[in-house]
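The residues making up each chain are set out below.
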Amino acid sequence: VKQENLPAELTALIEEKKGKEFQMTYQEEDMLYLLQGYGIQSSGGYSIRVEKVSENDTELHVKTKLIGPEGKSGETEGISCPYLVIKVENRHKKVVFD
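Because the structure is predicted, anything quoted here is derived from the model rather than measured.

Engineer: It is not clear to me how the sheet that holds strand β3 (residues 47–55) should be interpreted in this structure. Could you clarify?
Structural biologist: Consider a sheet: its strands pair through backbone hydrogen bonds, and that pairing is either parallel or antiparallel. Read from one edge to the other, the open sheet built from 3 strands follows the order β3-β4-β6, with strand pairing classed as mixed. Because the sheet does not close on itself, it has two edges, and the strands there are β3 and β6 (94–97). Neighbour-to-neighbour, the strand axes of the sheet open up by a mean angle of 20°, direction not taken into account. Pairing between β3 and strand β4 (residues 59–67): 8 bridges, direction antiparallel. Paired with arginine 49 across the strands is lysine 65, a residue of β4.

How each quantity is defined
Residues numbered from 1 in each chain as written. Predicted model: local features only at pLDDT ≥ 70, side-chain atom pairs only at ≥ 80, totals over all residues. Heavy atoms only, no water. Pairing = 2+ DSSP bridges. Helix = DSSP H or I, 4+ residues; strand = E, 2+ residues; numbered from the N terminus. Axes fitted to C-alpha atoms, helices over the stretch in contact; angles between N-to-C directions.

In short, the description is geometric, and any link to function would need to be established separately.
The following block contains the structure:
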């Protein structure tokens, strides 16, 4: 989900938490937001890959991976706090971050 499409309350919560690693969910009506943050990184150029989003009878599983910049040419100056937000229909299941 692009940042401009997030609920204002969720954006504020991310700003508060993004300096440290976090995994959390946020519910709004019938939608569920799955959030994974990787804390402060020493440069820019990071990305996050969604490796898996799956479910069974009782759980919703989410697996992501932080991808570092490709060598010095992929880095940008300054620090970054990469995070990812996935929006799904709320299925009222326990969420497990693998």
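Still more ground to cover, so stick around.
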